[in-house]
Structure formats: structure tokens, C-alpha cells
Amino acid sequence: AKLCYGPVDGKTTCSSTQVEGCPPPLTCADLAGRTEVAKCKKADTDDCAASFAWKDESSGVAKLCYGPVDGETKCSQTEVEGCLPPPSPPPPLPPPSPPPSPPPPSAPPSAPPSTPPSPPPPSPPPLTCA
């Protein structure tokens with residue numbers, strides 16, 4: 001990784017220095033999708049970044065594995081705090097109470113139950129002088 005600093009006297013741009021073996025910036029969000037291992041040093045070196053180990057699960061302190069860094073043959077680790085256990089398949093929750101059922105599609109929503117229109121009263125028979 002390169003660490004930038006400066007600008008140094010007389011320069012208008014930053015300088016940088018090469019540093020080895022820095023952990024990538026990892027957070028609790030990086031736990032998701034990783035495989036839990038006993039120790040990062042025991043994780044598969046081809047899969048460091050896909051592994052993590054708990055330091056103290058009850059207090060949310062995890063070790064995220066990364067690397068291997070130059071010259072190392074084992075994964076390195078960086079500690080992150082405040083993590084919840086990764087969302088492994090959640091335990092089945094009790095089914096939520098069903099929402100109020102919508103009216104059947106044939107009835108227009110929010111219309112009172114409709115009654116068929118009553119037929120008009122029969123008109124009186126035509127009256128004649130007879």
C-alpha cells in the first residue's frame with residue numbers, strides 16, 4: 001500500500017511511501033459471506049479474504065482474515081469490533097400476523113356492498129274515457 005503525506009517543502013503534490021503488509025480497511029460489514037475458521041493462520045491461503053474468526057463473539061469482536069502479505073505463507077488478520085454474528089440463515093421466525101385481507105378483486109375497493117338496482121315501479125295502464 002502507499003501512504004501519502006505532504007506536500008513537502010517546495011512541492012505542490014503529495015509524496016508517498018510504500019508500506020508492506022497493511023490490512024485492508026475492513027469493517028463488520030465484511031463479515032457477511034465469509035466462512036468462519038478457528039484462526040486466520042489456519043485458513044486456506046487462497047481464501048484468506050473469504051474467512052474470519054471470532055475473537056469474542058459475545059462482545060462482537062471478530063478477526064477478518066486477509067493476505068497473505070508479501071513474504072508470508074499464512075493469512076494475516078485484522079480485528080474489528082461491534083460486529084453481530086454474520087447473517088447465517090436466520091432461524092425460522094413465527095409467521096407474521098396476516099395483514100387484513102384485501103377485498104376480492106371483483107368488488108371495487110372502498111365501495112359499500114352493492115345491491116342490484118330495484119326495478120322502476122310499474123307504470124299505470126293507460127286510462128281512457130271508456
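Anything mentioned here points back to the structure above.
A. Examining the sheet that holds strand S5 (residues 61–66) more closely. Read across the open sheet, the 4 strands follow the order S3-S4-S5-S6; overall the sheet is mixed. Each end of this open sheet is capped by a strand with a single partner; those strands are strand S3 (35–36) and strand S6 (76–80).

B. Focus on a positive patch on the surface. A cluster of basic residues, Lys39, Lys41, Lys42 and Lys74, forms a positive patch on the protein surface. Relative to the helices and strands, Lys39 is located in the loop between S3 and strand S4 (51–56).

C. Here's a closer look at the side chain of Arg34. Relative to the helices and strands, Arg34 is located in the loop between strand S2 (15–18) and S3. We note that Arg34 is buried and unpaired, the nearest opposite charge coming from Asp30 at a distance of 5.3 Å. Of the polar contacts made by the side chain of Arg34, one reaches the backbone oxygen of Asp30; its length is 2.8 Å. Polar contacts involving the side chain of Arg34 include one to the main-chain carbonyl oxygen of Ser51, which spans 2.7 Å.

D. Fine view of the nonpolar core. With 8 residues, the main nonpolar core is built from Leu26, Leu31, Phe52, Trp54, Ala62, Leu64, Val80 and Cys83. By size, the runner-up hydrophobic cluster in this structure holds 5 residues, among which are Cys40, Cys48, Cys65 and Cys75.

E. Local environment of the pattern of salt bridges. Scanning the model with the defined rule gives 1 salt bridge in all. Across the pair Glu79 and Lys55 runs a salt bridge, and its minimum N-O distance is 3.3 Å. Separated by 24 residues along the polypeptide, Glu79 in strand S6 and Lys55 in strand S4 bring together distant segments of the chain. We classify Glu79 as partly exposed; its relative accessible area is 40%. Looking at Lys55, the relative accessible area reads 51%, which means it is exposed.

F. Representation of the environment of Asp46 in the model. Secondary-structure assignment places Asp46 in the loop between S3 and S4. C-alpha of Asp46 to C-alpha of Cys75: the two residues are 29 residues apart in sequence and 8.9 Å apart in space.

G. Region of interest: the packing of aromatic side chains. Applying the stated criterion to the full structure yields 1 aromatic pair. For the ring pair Phe52 and Trp54, a centre distance of 5.5 Å and an interplane angle of 90° mean the geometry is edge-to-face. With a relative accessible area of 13%, Trp54 lands in the buried category.

H. Examining the state of the cysteines more closely. For the structure on display, the rule yields 3 disulfides. With a sulfur-sulfur separation of 1.9 Å, Cys48 is cross-linked through a disulfide to Cys75. Around the S-S axis, the bridge from Cys48 to Cys75 shows a dihedral of about -85° and counts as left-handed. With Cys48 in the loop between S3 and S4 and Cys75 in the loop between S5 and S6, this pair connects stretches of sequence that are 27 residues apart. Like Cys48, the residue Cys75 is buried in the burial classification. The disulfide pattern of the protein is 1-6, 2-4, 3-5 when the bonded cysteines are numbered in sequence order.

I. Local environment of the pairing of S4. The sheet contact formed by S3 and S4 spans 2 bridges and is parallel. By the bridge assignment, Thr35 is partnered in S4 with Ser51. Linking S4 to S5, which pair antiparallel, is a turn of 4 residues; within it Gly60 sits at a positive phi near 75°.

Calculation notes
Residues numbered from 1 in each chain as written. Predicted model: local features only at pLDDT ≥ 70, side-chain atom pairs only at ≥ 80, totals over all residues. Heavy atoms only, no water. Pairing = 2+ DSSP bridges. Helix = DSSP H or I, 4+ residues; strand = E, 2+ residues; numbered from the N terminus. Patch = residues over 30% accessible without salt bridge, like charges linked within 9 Å, V, L, I, M, F, W, Y side chains within 5 Å. Areas by Shrake-Rupley, 256 points an atom, 1.4 Å probe, with all protein chains shown as cover. Salt bridge = Lys/Arg side-chain N within 4 Å of Asp/Glu carboxyl O. Lys, Arg positive; Asp, Glu negative; His and termini not counted. Charge placed at Lys NZ, Arg CZ, Asp CG, Glu CD. Buried < 20%, exposed > 50% of the residue type's maximum accessible area, 1.4 Å probe, protein only. Polar contact = N/O pair within 3.5 Å; in protein donor to acceptor, adjacent residues only side chain to side chain. Core = buried A, V, L, I, M, F, W, Y, C linked by side-chain atoms within 4.5 Å. Phe/Tyr/Trp six-rings, centres within 6.5 Å; stacked < 30°, edge-to-face > 60°. Disulfide = S-S within 2.5 Å.

Taken by themselves, the reported measurements are silent on function.
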